[in-house]
Amino acid sequence: PFLISAEPPPCRRLTLEVPDEVDAGDVFKVVCVASDARGRAVRGGTCVVRCAGPAAKEVEATFDDAGTAKVSIKLPRAGTYAVTGVVGAATSFEHSLVVCSGVISKL
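Residues numbered from 1 in each chain as written. Predicted model: local features only at pLDDT ≥ 70, side-chain atom pairs only at ≥ 80, totals over all residues. Heavy atoms only, no water.

### Some remarks on the nonpolar core
Consideration 1: Ile73 and Leu97 are the most contacted members of the largest nonpolar core, which has 27 residues in total.
Consideration 2: When contributions to this core are tallied by element, the ones reaching two or more residues are strand S1 (13-17), strand S3 (27-35), strand S4 (46-52), strand S5 (57-62), strand S6 (68-74), strand S7 (79-87) and strand S9 (95-100).
Consideration 3: Looking at which element gives the most residues to this core, the answer is S3, with 4 residues.
Consideration 4: Apart from residues no more than four positions distant in its own chain, Ile73 is found in contact with Asp26, Val27, Phe28, Val30, Val49, Cys51, Lys57 and Val59. (Core = buried A, V, L, I, M, F, W, Y, C linked by side-chain atoms within 4.5 Å. Buried < 20%, exposed > 50% of the residue type's maximum accessible area, 1.4 Å probe, protein only. Helix = DSSP H or I, 4+ residues; strand = E, 2+ residues; numbered from the N terminus. Contact = heavy atoms within 4.5 Å.)

### Thoughts on the side chain of Ser92
Consideration 1: With respect to the helices and strands, the residue Ser92 is situated in the loop between strand S8 (90-91) and S9.
Consideration 2: Its relative accessible area of 7% is what places Ser92 among the buried residues.
Consideration 3: Of the polar contacts made by the side chain of Ser92, one reaches the backbone nitrogen of Gly85; its length is 2.9 Å.
Consideration 4: Excluding residues within four positions of it along the chain, Ser92 makes contact with Leu14, Leu16, Thr84 and Gly85. (Polar contact = N/O pair within 3.5 Å; in protein donor to acceptor, adjacent residues only side chain to side chain.)

Listed below in structure tokens is the structure:
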């Protein structure tokens, strides 16, 4: 007999898509993708995106049916932030995000 659980499978791999550079006060998107030990998408549940830096912030995002969680974040103070995602016991690699005080010139 197999046990069927309503709980999502435990997350084993968590990846984040984070921009490299943004302007202070601009809204930017962070995309979290979670998969279990077999590489299947983790559906349901939440991911906590942590931005450690001059104006630390923690935002929670909910995974959709494709195993993707999208969150919009706005950091008001310039500086370098360490962005990580956490789902249960799984933590993503740390991403470095530079928040500039002025407008980033687009060439």
